[in-house]
Amino acid sequence: FKTPFDITIESREDDVAIANSSAVAQEPGADGFFRNVFETTEPIPTYLFAVAVGPLDVVEAVIPPNEVRAEPLAFRGVAPRGDGPKLAYAMQHTPAILAALEQWFGIAYPYDKLDLVAVPDFGAGAMENVGLVTFRSNLLLVNETDTPTSRLRFFAYLMAHELAHMWFGNLVTMEWWDDLWLNEEFASWMEHRAVEAWRPAYEPDVELLDWVTGVMDQDGLQAARAIRQPIVSSHDIHNAFDGITYAKGAGVLGMFEQWLGRETFQQGIRAYLTQHRFQNATAGDLMAALGEAGGRDVATPFQTFLTQPGIPFVNARLECEGEGGPRVVMRQTRYLPVGSSADADRRWQIPVCIRFGSRGADGDDQIACEQMLSEEEQTFPLPTETCPDWIHPNRSGSGYYRWTLPADGLRALQRARASLTTTERLSLADALRASFNANGVDGGVALEGLLQLASDPHHAVATSSLGFYRGVL
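Below: a short report on this structure. (Residues numbered from 1 in each chain as written. Predicted model: local features only at pLDDT ≥ 70, side-chain atom pairs only at ≥ 80, totals over all residues. Heavy atoms only, no water.)

**Considerations on the state of the cysteines**
Covalent bonding between the sulfur atoms of two cysteines is what defines a disulfide.
Phase 1: The full count for this structure, using the stated rule, is 2 disulfides.
Phase 2: Between C320 and C387 runs a disulfide, and the two sulfur atoms are separated by 1.9 Å. Measuring handedness by torsion sign, the sulfur bridge of C320 and C387 sits at about 75 degrees and is right-handed. Of this pair, C320 sits in the loop between β13 (312-319) and β14 (327-334) while C387 sits in the loop between β17 (377-381) and β18 (390-392), and the two are 67 residues apart along the sequence.
Phase 3: Given the relative accessible area of 23%, C320 is considered partly exposed.
Phase 4: Each sulfur of the disulfide joining C353 and C369 lies 1.7 Å from the other. Separated by 16 residues along the polypeptide, C353 in strand β15 (residues 350-357) and C369 in strand β16 (residues 366-373) bring together distant segments of the chain.
Phase 5: Overall, C353 belongs to the buried group, its relative accessible area being 2%.
Phase 6: Taking only the cysteines that form disulfides and numbering them from first to last, the protein has the pattern 1-4, 2-3. (Disulfide = S-S within 2.5 Å. Helix = DSSP H or I, 4+ residues; strand = E, 2+ residues; numbered from the N terminus. Buried < 20%, exposed > 50% of the residue type's maximum accessible area, 1.4 Å probe, protein only.)

This is how it looks when you write it as structure tokens:
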């Protein structure tokens, strides 16, 4: 239930008191205490209520207006007394991350101020409380001199994630905890879009794919759970905060963004947030908004990923002989490692996007997208009259499915890897490793392909085979 809060805090004279909204008065009280009164909040659920009280340093700033937000925004960094100077990096870079989110949503930051609060001991890492975002101190108090680059990158994604919640989760809140994924998968996906706009050198598309393929191993187990599941106790809520909710959810969302198109997907999200502003919503509401924006049924295919566990395994092959021109035949089962006793007879409605081309200097790479693999086996014609030299069954690696090709198709794709993007080469590396583990490709073919990828100029691709070699040696 969402409701406005009127907050009053009685604090010691030397302490600082902060709440979800801006302070409007501070009055002397008895015995050296002060009475702090705050603006009535916007309607928020109780889990987003927060206060911070104690001997604190406060660094104050203002985030200027922009094309989306007409008014300046009060902005503060808060840390235990003595740590205020360590907030400099966060104070410098957070406004740009917030601006990137405002531009994408097309909706101004919806609250009257923004405080970032460093908490010395906070197991969760960070929490998107309305207007008062809390962070474990070592994640917020970073700087370019003493902090490793990996930690600075993590700061960017974490800040973007928590601020994305101000719209997705706070402005519009799930109706019940079984739609927790609405909050977390979207913020997990959106953090990469924000970093893409703010600091593209961090390669958020590579970061996201590496994260998503990592959770695919978990999703390939017999014990894997669905993204959306019934919540009947507090234990169920806590268990839902895992890689399936965050990484798989983000991967599925990215797949449907590619299927709908970036602009259409963005229009649907904006409509959803506008329609349910300061209210609660369900998964059905989100699917309806995306479907209306795209002019197609989004809910039915999305539900196949949302309500059943596991990951599709797509076996693709290129055919050029006979009538009908070049085509790709795709067959889907459930991805399972060798030895699993789980039922492989599963069906998804999978938005597939195929990239294909010629190795010749004059060859043009092309795509065949907006296709839905819903049957056990389907044939997809390619928009070309000549037989391509190679196909990649998962363009940009954006599809949440594992795939394989016949040995000659994998070798052809290896020869064309200079034409592939970094994420497509990462997807190829995962396909070789995962196909071997599922008995979908000969071990010699997998070893040969991964050895070639080990010399890739991108470190993420070059190191992606190390776990495989560690396992077979």
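Having seen it, we continue.
**Some words on a nonpolar patch on the surface**
Phase 1: The grouping of F436, L447, V472 and L473 at the surface amounts to a nonpolar patch, some 380 Å² of accessible area in total.
Phase 2: Mapped onto the elements of the fold, L473 is located in the segment after α15 (466-472). (Patch = residues over 30% accessible without salt bridge, like charges linked within 9 Å, V, L, I, M, F, W, Y side chains within 5 Å. Areas by Shrake-Rupley, 256 points an atom, 1.4 Å probe, with all protein chains shown as cover. Salt bridge = Lys/Arg side-chain N within 4 Å of Asp/Glu carboxyl O.)

**Focus on the sheet that holds strand β10 (residues 132-136)**
Phase 1: Ordered in space as β6-β7-β8-β10-β9, the 5 strands form an open sheet in which the pairing is mixed. At either end of the open sheet lies a strand with only one pairing partner, and these are β6 (56-63) and β9 (126-127).
Phase 2: The sheet contact formed by strand β8 (residues 113-119) and β10 spans 5 bridges and is parallel. Note that in β10 the partner of A118 across the bridge is F135.
Phase 3: Against the sheet, helix α1 (residues 88-105) touches β6, β7 (73-80) and β8, its axis set at about 140 degrees to β7. (Pairing = 2+ DSSP bridges. Contact = heavy atoms within 4.5 Å. Axes fitted to C-alpha atoms, helices over the stretch in contact; angles between N-to-C directions.)

**Brief notes about the sheet that holds strand β4 (residues 33-38)**
Phase 1: With antiparallel pairing, the 3 strands of this open sheet are ordered in space as β1-β4-β3. What marks the edges here is a single partner per strand, and that holds for β1 (8-12) and β3 (23-28). Neighbour to neighbour, the strand axes of the sheet diverge by 25 degrees on average, direction disregarded.
Phase 2: Taken together, the 5 bridges between β3 and β4 define a ladder with antiparallel strand orientation. What sits directly across from A23, in β4, is F38.

**Here's the deal with the pattern of salt bridges**
Phase 1: A complete count under the given rule lists 27 salt bridges for this structure.
Phase 2: In this structure, R193 and E196 form a salt bridge, with 3.4 Å as the shortest nitrogen-oxygen distance. With a gap of 3 residues between them, R193 and E196 both fall in helix α4 (residues 180-198), about one helical turn apart.
Phase 3: Classification of R193 as buried rests on a relative accessible area of 14%.
Phase 4: The partly exposed category is assigned to E196, whose relative accessible area is 28%.
Phase 5: Residue D430 pairs with R402 through a salt bridge whose shortest N-O separation is 2.9 Å. In this pair, D430 is assigned in helix α12 (residues 422-437) and R402 in strand β19 (residues 402-404), connecting sequence segments 28 residues apart.

**Section: the packing of aromatic side chains**
Phase 1: In this structure the tally under the stated criterion is 24 aromatic pairs.
Phase 2: Each ring, one from F436 and one from F468, has its centre 5.3 Å from the other, and the planes form 85 degrees; the classification is edge-to-face. Separated by 32 residues along the polypeptide, F436 in helix α12 and F468 in helix α15 bring together distant segments of the chain.
Phase 3: Assessed through its relative accessible area of 5%, F468 is described here as buried.
Phase 4: Grouping aromatic residues by their ring pairs yields a cluster made of W104, F105, Y109, Y111, W167, F168, F186, W189, F265, Y272 and F278.
Phase 5: In this arrangement the basic side chain of R296 is found over the ring face of W259, its NZ or CZ atom lying 4.6 Å from the centre. (Phe/Tyr/Trp six-rings, centres within 6.5 Å; stacked < 30°, edge-to-face > 60°. Lys NZ or Arg CZ within 6 Å of the ring centre and 35° of its normal.)

**Here's the deal with helix α10 (residues 299-306)**
Phase 1: The set of residues buried in α10 consists of P301, F302, T304, F305 and L306.
Phase 2: Its buried side turned inward, α10 meets α4, α7 (243-260), α9 (283-294), β13, β15 and β16.

**A look at unusual backbone geometry**
Phase 1: One non-glycine residue, E370, lies in positive phi territory at about 55 degrees.
Phase 2: Counting through the fold element by element, E370 comes out in strand β16.
Phase 3: Exposure remark for E370: the relative accessible area of 55% places this residue in the exposed category.
Phase 4: Within the chain, N439 stands out as a residue other than glycine whose phi angle is a positive 60 degrees.
Phase 5: Following the sequence through the fold, N439 ends up in the loop between α12 and α13 (443-453).

**Digging into the packing of helix α3 (residues 149-164) against α4**
Phase 1: Running from N to C, α3 and α4 cross one another at 125 degrees; their axes reach a closest spacing of 8 Å. As far as their axial angle goes, α4 and α3 are oblique. For α3 against α4, the interelement crossing comes out right-handed. On α4, the residues that touch A156, Y157, A160, H161 and A164 of α3 are E184, A187, S188, M190, E191, H192, A194, V195 and W198.
Phase 2: Grouping the amino acids of the contact of α3 with α4 by side-chain chemistry returns 9 nonpolar, 3 polar and 2 charged. (Parallel < 35°, antiparallel > 145°, perpendicular 65-115°, else oblique. Left-handed = near helix turned anticlockwise from the far one by under 90°. Nonpolar A, V, L, I, M, F, W, Y, C, P; charged D, E, K, R; others polar.)

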